[in-house]
Amino acid sequence: MPKLQQFDVKLKTGASGRSTVPRYSINGFLLDFEHTGGGTGPGEEFQALGNPDSFPHTLLLIGPDDGAWDIADISITYHCAGEPPYSLRFAGVTLDGESDLNIWQTRPQPAFDV
Amino acid sequence: MPSWFDKVFSGGAGKTKAGAKPPEEKVQLRNPILDDPEFQEEQAKPRPERAKPRRVIEPTILADDAKAVSSGDELRIKAKPAADGRSCTVYIDRPLLERHSAWFTSPSAAFGNSPLAESIFEIGGIESVQIHGGTILVTRDPYVKESWADTSKEIATRIRGHFGKGAAIVTDAFLSGLPAEKDIQDKLQVVIDTEVNPGIAAHSGSISLERVEANTVFIRMMGGCQGCAASAVTLKQGIFQSFREAVPQVGAILDVTEHAAGTNPYYTSLPAGMRADA
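Bear in mind that the values here come from a model prediction, so they are computed numbers and not experimental data.

Q: How do you make sense of the overall build of chain A when you look at a structure like this?
A: Helices and strands together make up the secondary structure of chain A, namely zero helices and 11 strands. Walking chain A from its N terminus toward its C terminus, one meets helices and strands in the order β-β-β-β-β-β-β-β-β-β-β. Per-residue burial for chain A yields a buried fraction of 44% across its 114 residues. A sequence separation of at least 24 residues applies to 69% of the contacts in chain A between residues at least 6 apart. Here chain A displays about 5,100 Å² of accessible surface, and carbon together with sulfur accounts for 49% of that area.

Given below as structure tokens:
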């Protein structure tokens, strides 16, 4: 399991936003994003840096306490110790007061033509 | 009372004989780390807040070349080995089976049911072949040393050869031997209610049977170990085994919470006139 030093999050909110700043959790512990920019209102873009510097068994983007948060697009760049960074794009998803999004993904294996 | 009695049961306090050695001082054992200032400073820091357990949604990862389009008659095939090296998913630019799916764990199981799977088993070292939609999931013996790059080329050669002959992906005998959707649904629901959910309830998890299409099963996994990938794999393997023991004709089992389940991320268009069940 790689050690996740940092990860950059860029997401775009869809029709329904949230009023509170998003947080994330690693291995069950809630942490605040650093160097946040933008917003999470409808149509807004949000950028932030997560700095867990730990081995992630779970890494979750915490949903809002109430209401629905419509995320149109998410892009995450992972910086793991001893490895070059890699980026992934996730399709849109809606989080609510009872759901979180799993954002921990190991480096994807390449697909090749055969 | 004899003098030895007093020594044993009174500790000998104040009754040591003249000339006797005083009891040795007890050694106080203490972990030196506890006295380390840096450790004490770290311990004094406030602990991070614990996240409340909630439903975890698995995201759909968008493939970079997800917009690749099939071009005419040329059969385009991609291979993607799994990170653990045990399996490889082969993506074909056209559907092999539409609603039905097939899962074979030996050449004898594939014999008479799927000429394509039989051909893939001939490669050697193959443990299982699953055919669903436009994908073939192949697992093999972990001790096989050949790279997946080489094995997948052999698989692709056999797929192209199979299409060249115009042979069926699965036989009519295989299709006619499948139980009705309702029968599959009822039997799997019993397994979920009596075996699976009671077993994973201790982990705050549960699964529900989303739907059955022909012999392809769609489940929804909820709760569980909060998105932990390793436990999800272990959990699924156990659940899938229970399903297949109850209904051996079950083909692919897909988790709808993984939004890409059952989709081919590389090829999205269908050549006109292509039939899935040849």
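Once the structure has been displayed, the description carries forward.
Q: When you look at the sheet that holds strand E1 (residues 55-57) of chain B in this model, what are you seeing that I'm missing?
A: Ordered by their spatial adjacency, five strands build an open sheet running E3(A)-E2(A)-E6(A)-E10(A)-E1(B), and the pairing between neighbours is mixed. On the outer flanks of this sheet lie strand E3 (29-32) of chain A together with E1 of chain B, each paired with one strand and no other. Within this sheet the neighbouring strands show an average axis-to-axis angle of 35°, counted without direction. Two elements, strand E2 (residues 23-26) of chain A and E3 of chain A, share four bridges in a ladder whose sense is antiparallel. Paired with Ser25 of chain A across the two strands is Leu30 of chain A, which belongs to E3 of chain A.

Q: It is not clear to me how the interface of chain B and chain A should be interpreted in this structure. Could you clarify?
A: How big an interface is tends to be expressed through the accessible area that disappears when the partners come together. Across the contact, 34 residues belong to chain B and 35 residues belong to chain A. Between chain B and chain A lies a buried interface of about 2,800 Å² when both sides are counted; carbon and sulfur atoms form 56% of it. Among the residues of chain B in contact with chain A, Arg54, Ile57 and Leu62 of chain B are the three that bury the most area, contributing 22% of the side total. Here chain B is connected to chain A by three salt bridges.

Q: Please explain the pairing of strand E1 (residues 4-13) of chain A as it appears in this structure.
A: On a regular strand, one side chain projects to one face of the sheet and the next to the other, so that they alternate. Sheet topology places E1 of chain A next to strand E7 (residues 69-80) of chain A; nine bridges connect them, and they run antiparallel. Paired with Leu4 of chain A across the two strands is Cys80 of chain A, which belongs to E7 of chain A.

Q: Would you explain helix H2 (residues 37-44) of chain B in this entry?
A: Each full turn of the α-helix corresponds to 3.6 residues, which orients residues three or four apart in the same direction. Little of H2 of chain B is tucked away, with zero of its eight residues classed as buried. Among the residues of H2 of chain B, the N-terminal cap falls to Asp36 of chain B, whose side-chain oxygen and the backbone nitrogen of Glu38 of chain B are separated by 3.2 Å.

Q: Help me out: how do you make sense of the sheet that holds strand E3 (residues 87-92) of chain B in this one?
A: The strands making up a sheet associate through backbone hydrogen bonding, with each pair oriented either parallel or antiparallel. Ordered by their spatial adjacency, six strands build an open sheet running E11(A)-E2(B)-E3(B)-E6(B)-E5(B)-E4(B), and the pairing between neighbours is antiparallel. The sheet is open, and its two borders are formed by strand E11 (112-113) of chain A together with strand E4 (101-104) of chain B, each paired with just one other strand.

Q: Sorry, what's going on with the nonpolar core here?
A: Where a protein is soluble and globular, its nonpolar side chains tend to be buried together. Counting 29 residues, the largest nonpolar core has Ile131, Ile136 and Ile159 of chain B as the members making the most contacts within it. Those elements that provide at least two residues to this core are strand E2 (77-81), E3, E4, helix H4 (115-121), strand E5 (126-132), strand E6 (135-140) and helix H5 (148-165) of chain B. In contact with Ile159 of chain B, other than residues within four places in its own chain, are Leu75, Ile77, Val90, Ile92, Leu116 and Ile136 of chain B. Residues Ile26, Tyr78 and Leu88 of chain A together with Ile57 of chain B belong to the second largest nonpolar core, which totals 26 residues.

Q: Looking at this structure, how should I read the confidence of the model for chain A?
A: Regions with low pLDDT carry predicted coordinates that are not meant to be interpreted in detail. Averaged over every residue, the pLDDT of chain A is 93; residues scoring 70 or more account for 100%. No element of chain A has a lower mean pLDDT than E11 of chain A, which averages 90, and none a higher one than strand E5 (residues 45-50) of chain A, which averages 97.

Q: Mind showing me how you'd approach the pattern of salt bridges here?
A: Pairing between side chains becomes possible if they bear opposite charge and their charged atoms approach one another. Residue and element names in this part refer to chain B. Evaluated as defined, the whole model comprises 16 salt bridges over all chains. Residue Glu181 is joined to Arg99 by a salt bridge in which the shortest nitrogen-to-oxygen separation is 2.4 Å. Here Glu181 is found in helix H7 (residues 181-200), whereas its partner Arg99 is found in the loop between E3 and E4, with 82 residues between them in sequence. Its relative accessible area of 41% is what places Arg99 among the partly exposed residues. Among the salt bridges present, the one from Asp186 reaches Lys182, with a minimum N-O distance of 2.9 Å.

Q: How should unusual backbone geometry be read in this particular structure?
A: What is expected of a backbone is that most residues other than glycine have negative phi and most peptide bonds are trans. Residues and elements named next belong to chain A. A positive phi angle is found at Asn27, which is not glycine, with a value near 55°. Residue placement: Asn27 occurs in the loop between E2 and E3. One non-glycine residue, Asp53, lies in the positive phi region at around 50°. Within the element layout of this structure, Asp53 appears in the loop between E5 and strand E6 (59-62).

Q: Teacher, can you tell me more about the side chain of Asp93 of chain B here?
A: Residues and elements named next belong to chain B. Mapped onto the elements of the fold, Asp93 is located in the loop between E3 and E4. The buried category is assigned to Asp93, whose relative accessible area is 1%. Side chain to side chain, Asp93 and Arg94 meet in a polar contact 2.8 Å long.

Q: I'm lost on the environment of Ile71 of chain A in this one. Help?
A: Residues and elements named next belong to chain A. Structurally, the position occupied by Ile71 is in strand E7. Of the residues examined, Ile71 reaches a relative accessible area of 0% and is grouped as buried. Sequence separation between Ile71 and Gly43 is 28 residues, and the spatial gap between their C-alpha atoms is 9.3 Å. Among all residues touching Ile71, those that are not within four sequence positions of it are Leu11, Lys12, Gly14, Leu61, Gly92, Val93 and Leu95.

Q: Would you mind showing me how to read the pairing of E6 of chain B here?
A: Residue and element names in this part refer to chain B. Burial analysis of E6 places five of its six residues in the buried class, the great majority of the element. Strand direction decides the pairing type here: E3 and E6, joined by five bridges, are antiparallel. Directly across from Cys88, in E6, lies its bridge partner Val138. For E5 and E6, the ladder comprises six bridges, and the chain directions are antiparallel. If you follow Ile126 over to E6, its bridge partner there is Arg140. Following E5, the chain reverses through two residues before pairing antiparallel with E6; Gly133 in that reversal takes a positive phi of roughly 60°.

Calculation criteria
- Residues numbered from 1 in each chain as written.
- Chains lettered and ligands numbered in written order.
- Predicted model: local features only at pLDDT ≥ 70, side-chain atom pairs only at ≥ 80, totals over all residues.
- Heavy atoms only, no water.
- Helix = DSSP H or I, 4+ residues; strand = E, 2+ residues; numbered from the N terminus.
- Buried < 20%, exposed > 50% of the residue type's maximum accessible area, 1.4 Å probe, protein only.
- Contact = heavy atoms within 4.5 Å.
- Areas by Shrake-Rupley, 256 points an atom, 1.4 Å probe, with all protein chains shown as cover.
- Pairing = 2+ DSSP bridges.
- Axes fitted to C-alpha atoms, helices over the stretch in contact; angles between N-to-C directions.
- Buried area = accessible area lost by both parts, 1.4 Å probe.
- Salt bridge = Lys/Arg side-chain N within 4 Å of Asp/Glu carboxyl O.
- Polar contact = N/O pair within 3.5 Å; in protein donor to acceptor, adjacent residues only side chain to side chain.
- Core = buried A, V, L, I, M, F, W, Y, C linked by side-chain atoms within 4.5 Å.
- pLDDT = per-residue confidence, 0-100.

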